[in-house]
Amino acid sequence: MRQIQPRRNYLGAVGWLWAGNYKVERYLYILHRITGLGILFFLLLHLIMTTVFRIQGQDVWEATMAILHNPWFKIGEYLVVVAFVYHALNGLRLILQELGFLMVRPAPPIYPYRDSLRRKRPWTIAMIAVVVILALVFFYDFIAGGW
Amino acid sequence: MDKNNLITFKVQRYDPEHDRIPHFQEFMVPSGKCLTVLEGLLYIKENLDSSLAFRASCRMAICGSCGILINNYPNLACHTQIEEFHSDTLTVKPLPNLPIIKDLVVDLIPFFNTHKSIKPYILRQDAEEMEKPTAEYAQPPRALETLLQFTHCIKCGICISACPTSASDRLFLGPQALSQCYRYCTDNRDEGEKERFPMVDTDHGVWHCHLAGACSEACPKGVDPALAIQLLKRRLVSRAVALGKKQQPSSTVPSPAETKPKLPFPGFTVK
């Protein structure tokens, strides 16, 4: 009998980043990963700024601060705030749902099927609404602060 | 079949003996009302290209053989109407995250082995009763309702292909095996938690599920594996912190039935 090696067909990182026709929780999963990496990148940048650059004297520190007053860095700061708010609130939703709260009880599947995440979607939408409201509040704060 | 209404089936082909990488081949299939994707594939097999390989059996979403990726969404070919896409072109690919044997046929053996690894059967401490059963274990209807949803799994592999974690972690047990683990752990006749928990309480087990919910959305039988996995996490946490009730496994003696008081038998109307 001939033995044929099956071809590997793992989607890899594309499987994380491409959500296609899946519903909102699948997109929130992608955003959760991206915001997590973004916050981590900010933390590394922040630590480098406040340690390596700071000990090199006042001139270096002031030159660094001048770069950071660039509007692009301000937009980046705003995005870090929004990413933090989203990551925190979505993380709270995930903790609650992963511990079985905000999930329905198992029930015999009757067509059309409605899974527990779909039944509890109003809570997910409410979480997104809070993130949007806080993003607008912080946007006003950034504008009022004069960038 | 309506010969005037033609649908283009863009099918991914791969022959391990001749092809280095998969490629697409187009077929024109006559479409009509209530025609499923599986019937389209059968039309291609019978009339256009007999070398096309795909797996199908029951044609009624029971056997779980015909899971494929239709327009980049995993579903059962027999369960999907061509009309529901409102498109002249249909892209058909094998299920991702499972090895391809040929064309649309994927290798389900590793998937079945993972399913077997979580011991999907009733485990009891009383070995003698398991070897030589004297009576059936009692299960009240309420206890059955807590697991009935998860028994509907037909092992089609669609949840594995929808799961973003399975896409990158080859050691991940997958939504199917984890949901079946919960199905047996929550069974009031079972006492196999000690044997199953070390297998799922790992980085590649239940804790690698990040609740994307794709498995439950794609499941063609409404099993809701995401719910089962979260309830399994809850169970693991509650055991770790010694909270929550631990049910005693049911005995072989049937519990006394809790029935309503019997209605009096109506008197005969004809004498």
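What counts and how
- Throughout this document, residue positions are counted from 1 along each chain, in the order its sequence is written.
- Chains and ligands are labelled sequentially in the order written, the chains with letters from A and the ligands with numbers from 1.
- Local features in this predicted model are restricted to residues of pLDDT 70 or higher, and side-chain atom pairs are both shown and tallied only at a pLDDT of 80 or more, whereas totals for entire chains, interfaces and linings draw on every residue.
- The basis for every side-chain value is the complete set of non-hydrogen atoms in the structure, without hydrogens or water.
- Where each domain starts and ends follows an automatic or database-derived domain assignment.
- Note on contacts: a residue pair is in contact if any heavy atoms of the two residues lie within 4.5 Å.
- Here's the idea: put two parts together, see how much 1.4 Å probe accessible area each one loses, and the total over both is what we call buried area.
- Salt bridge, as used here, is a side-chain nitrogen of Lys or Arg placed within 4 Å of a carboxyl oxygen of Asp or Glu.
- Polar contacts, as used here, are pairs of N or O atoms within 3.5 Å; protein pairs need one atom able to donate a hydrogen and one able to accept it. Residues neighboring in sequence count only if both atoms are side-chain atoms.
- We count a stretch as a helix when DSSP gives it H or I for four or more residues in a row; a strand needs E for two or more, and each element gets its number in order from the N terminus.
- Asp, Glu, Lys and Arg are counted as charged, while Ala, Val, Leu, Ile, Met, Phe, Trp, Tyr, Cys and Pro are counted as nonpolar; the rest, among them Gly, fall into the polar class.

As a further point, take the domain arrangement of chain B. All names here are of chain B. Segmentation of chain B into domains returns domain 1 (6–106) and domain 2 (109–240). Look at where the C-alpha atoms of domain 1 and domain 2 centre, and you get two points 30 Å apart. At the interface, 14 residues of domain 1 touch 16 residues of domain 2. On the domain 1 side of the contact with domain 2, P74, N97 and L98 bury the most area, a combined 38% of that side's loss. Here domain 1 is connected to domain 2 by 0 salt bridges. The tally of links between domain 1 and domain 2 comes to 3 residue pairs in polar contact (both at pLDDT 80 or more). With 4 residues, strand β4 (residues 73–76) is the single largest residue contributor to the side of domain 1 that touches domain 2. Partitioning the side of domain 1 that touches domain 2 into residue classes produces 9 nonpolar, 5 polar and no charged.

Now for the interface of chain A and chain B. Counting from both sides, the interface comprises 38 residues of chain A and, opposite them, 53 residues of chain B. Carbon and sulfur atoms supply 60% of the area that chain A and chain B bury against each other, a total of about 3,900 Å² over both sides. Contact with chain B buries area across many residues of chain A, yet R7(A), Y10(A) and Y22(A) alone supply 20% of it, more than any other trio. Between the two partners, chain A and chain B, sit 1 salt bridge. The shortest N-O distance in the salt bridge between E98(A) and K233(B) comes to 2.9 Å. The interface formed by chain A and chain B contains 15 residue pairs in polar contact (both at pLDDT 80 or more). Listing elements by their share of the side of chain A that touches chain B, those giving two or more residues are α1 (13–17), α2 (24–53), α4 (71–98) and α5 (116–119) of chain A. If one sorts the elements of the side of chain A that touches chain B by residue count, α2(A) sits on top with 4 residues. When grouped by side-chain class, the residues that make up the side of chain A that touches chain B number 20 nonpolar, 7 polar and 11 charged.

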